[in-house]
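Remarks on the overall topology
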Amino acid sequence: MELFDIDGLKNYIANSGLKQKAIAKKAGISESAFSLIMNGKRKCSAEEYARICSALGLPAQRFIDSKRDAS
């Protein structure tokens, strides 16, 4: 089960005006992997998620989906 709020992350990126290409590069994730994550076609690992948040200058807790059960 995905614990990260990918929809929230997508909305943040869309509203920020940042380009996915630039975020992916700064996070050290390939553009294709980043695109697949953002489109829900690939799970985002905890490490990738942390690197994306770092690239955005945000705390990792920002897009943790607390409504989902971690079990």
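Below you will find a few notes about this structure. In this text, all values refer to a predicted model and were calculated from it rather than measured experimentally.

Scoring rules and cut-offs
Residues numbered from 1 in each chain as written. Predicted model: local features only at pLDDT ≥ 70, side-chain atom pairs only at ≥ 80, totals over all residues. Heavy atoms only, no water. Core = buried A, V, L, I, M, F, W, Y, C linked by side-chain atoms within 4.5 Å. Buried < 20%, exposed > 50% of the residue type's maximum accessible area, 1.4 Å probe, protein only. Helix = DSSP H or I, 4+ residues; strand = E, 2+ residues; numbered from the N terminus. Phe/Tyr/Trp six-rings, centres within 6.5 Å; stacked < 30°, edge-to-face > 60°.

Okay, the nonpolar core next. Core analysis: the biggest nonpolar cluster contains 20 residues, and Leu9, Phe34 and Ile52 have the highest contact counts within it. Residue assignment for this core shows that the elements contributing at least two residues are α1 (6-16), α2 (20-27), α3 (31-38) and α4 (46-56). Sorting elements by how many residues they give to this core places α4 first, with five residues.

Moving on, we come to the packing of aromatic side chains. Tallied over the full model, the rule gives two aromatic pairs. Pairing tyrosine 12 with phenylalanine 63 gives two aromatic rings, centres 5.9 Å apart and planes at 65°, and the pair type is edge-to-face. Taken as a pair, tyrosine 12 in helix α1 and phenylalanine 63 in the segment after α4 lie far apart in primary sequence, 51 residues in all. A residue is classified by how much of its surface remains accessible, and tyrosine 12, at 25% relative accessible area, is partly exposed. Judged by its relative accessible area of 5%, phenylalanine 63 is buried.

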